[in-house]
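Structure at a glance
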Amino acid sequence: MGCVCSKHLGGKRTRHENISLLTSQTIFSDAEVEVLHELFTKLTSCVSSDNVITKEGFQFILTKDTKRRSLSTERMFGLFDMRNDEAIDFGEFVHSLNIFHPNSAQREKALFAFRLYDTRQTGFIEPEEVKEMIIDVLEESELMLTESIIDSIVSKTFEEADRKKDGKIDLEEWENFVARHPLTLKNMTIPFLKDLPRTFPSYLQ
């Protein structure tokens, strides 16, 4: 997959070569990858001594809470952790954020979102998975909806997305659904990734 581990960005020549490789594999420019490296270094210094982000560290970064189990955070970590080695290195960090870039292809965003909702990793999205994810997000946001409202949201989603009427949503059905409802992928775009050198310094203070 070509990801570059941050621990190998040491020497000046190697650092330049690795940044250039990441630039060639993503939408980011050399300057933007440099900013992402600063951000990654700052984040890892808060949660790890190994220059990687662990699952616990990832949850702390996103929720500031490592005690409550977060299904959405666990799924996000699993998708960022491309090598499945229980740690996110700098290359994986950049490749994953690339999907959230405003200029990234909608299909990449749709696929990432599909895998996020496919919590059991069966290749399909099932009603129980969507309900669990909704409940998890609501709890993280400290919002309350009755179970009947949540069930209604899930039912309406499957009524429209599950065109084969087999009780699950496959990737083709999902892509058709998000094409008709592009706001479904709204959270798959981080606007300030489009202008990192200008917008990120404030995040690095």
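Residues numbered from 1 in each chain as written. Predicted model: local features only at pLDDT ≥ 70, side-chain atom pairs only at ≥ 80, totals over all residues. Heavy atoms only, no water.

- Looking at an unreviewed UniProt entry, the protein chain carries the name Calcineurin B-like protein, with the source organism given as Brassica campestris.
- Its UniProt record gives the protein chain a comment under Subcellular location (unreviewed entry), which states: "Membrane".
- For the protein chain, the Function (unreviewed entry) comment in UniProt is given as "Acts as a calcium sensor. CBL proteins interact with CIPK serine-threonine protein kinases. Binding of a CBL protein to the regulatory NAF domain of a CIPK protein lead to the activation of the kinase in a calcium-dependent manner." (UniProt positions renumbered as here; feature names shortened; annotations may be inferred.)

**Description of the side chain of asparagine 98**
- Structurally, the position occupied by asparagine 98 is in helix H5 (residues 90–99).
- Classification of asparagine 98 as buried rests on a relative accessible area of 8%.
- In contact with asparagine 98, not counting residues within four places along its chain, are Thr26, Ile27, Phe28, Ser104 and Glu108. (Helix = DSSP H or I, 4+ residues; strand = E, 2+ residues; numbered from the N terminus. Buried < 20%, exposed > 50% of the residue type's maximum accessible area, 1.4 Å probe, protein only. Contact = heavy atoms within 4.5 Å.)

**Details of the pattern of salt bridges**
- Applying the stated criterion to the full structure yields twelve salt bridges.
- With a closest N to O distance of 3.1 Å, glutamate 74 and arginine 69 form a salt bridge.
- In this structure glutamate 74 comes out as partly exposed when scored by relative accessible area, which is 27%.
- A residue is classified by how much of its surface remains accessible, and arginine 69, at 55% relative accessible area, is exposed.
- For the salt bridge of aspartate 170 with lysine 164, the shortest nitrogen-to-oxygen distance reads 2.5 Å.
- The exposure class assigned to aspartate 170 is buried, which follows from its relative accessible area of 11%. (Salt bridge = Lys/Arg side-chain N within 4 Å of Asp/Glu carboxyl O.)

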